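Residues per chain are reported as follows:
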Amino acid sequence: ISHDDSLDACPPAYGGPCLDGLMPVLTGSMPRPDWMPDCMDGARSIVLLLLDGLGWRQLEERRAALTNLSDLSGGPITSVAPSTTATALTTVSTG
């Protein structure tokens, strides 16, 4: 059986590029960290697009088919543990 690196677990980067850091920054409670796009600075409004189940690797592998998403600013962030929809959405909502 061969090993598939794309299936390796990705632990949460709490306090770094992770879902738990979104709301404090988006609500202005914390300054924008380096891992968030520069285009946020001075923006009058920001849209947070969350696509449940779409990981960074899947997006990277399908950039040609997902041209609108590929044109957006940003980069990979980690989810939370456990990485279920309910836990992740609660984290996004509360920080």
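Data block above holds the structure.
Every value quoted in this text rests on a predicted model; they were computed, and no experiment measured them.

(A) Up close: unusual backbone geometry. Across the junction of A81 and P82, the peptide omega takes the value -5°, indicating a cis bond. Here P82 lies in the loop between helix 3 (67-70) and helix 4 (85-94).

(B) Representation of the side chain of T78 within the structure. Here T78 is to be found in the loop between helix 3 and helix 4. For T78, the side chain forms a polar contact with the main-chain nitrogen of A13, separated by 2.8 Å. With residues near it in sequence (within four places) discarded, T78 still touches C10, P11, P12, A13, P17, C18 and L19.

(C) Structural detail: the pattern of salt bridges. With the rule as written, the count across this model stands at 4 salt bridges. For R32, the salt bridge is made with D38, and the minimal N-O distance between the two is 3.2 Å. Classification of D38 as exposed rests on a relative accessible area of 56%. Linked by salt bridges that have partners in common, R32, D38 and D41 make up one network.

(D) Spotlight on the side chain of T91. Along the chain, T91 falls in helix 4. When near neighbours in sequence (up to four residues on either side) are disregarded, T91 contacts L19, D20 and V80.

(E) Structural view of a nonpolar patch on the surface. Side chains of L49, L51, L54 and L72 sit close together on the surface and give an oily, nonpolar patch of about 360 Å² of accessible area. One can find L49 in the loop between helix 1 (22-26) and helix 2 (56-61).

How each quantity is defined
Residues numbered from 1 in each chain as written. Predicted model: local features only at pLDDT ≥ 70, side-chain atom pairs only at ≥ 80, totals over all residues. Heavy atoms only, no water. Helix = DSSP H or I, 4+ residues; strand = E, 2+ residues; numbered from the N terminus. Polar contact = N/O pair within 3.5 Å; in protein donor to acceptor, adjacent residues only side chain to side chain. Contact = heavy atoms within 4.5 Å. Salt bridge = Lys/Arg side-chain N within 4 Å of Asp/Glu carboxyl O. Buried < 20%, exposed > 50% of the residue type's maximum accessible area, 1.4 Å probe, protein only. Patch = residues over 30% accessible without salt bridge, like charges linked within 9 Å, V, L, I, M, F, W, Y side chains within 5 Å. Areas by Shrake-Rupley, 256 points an atom, 1.4 Å probe, with all protein chains shown as cover.

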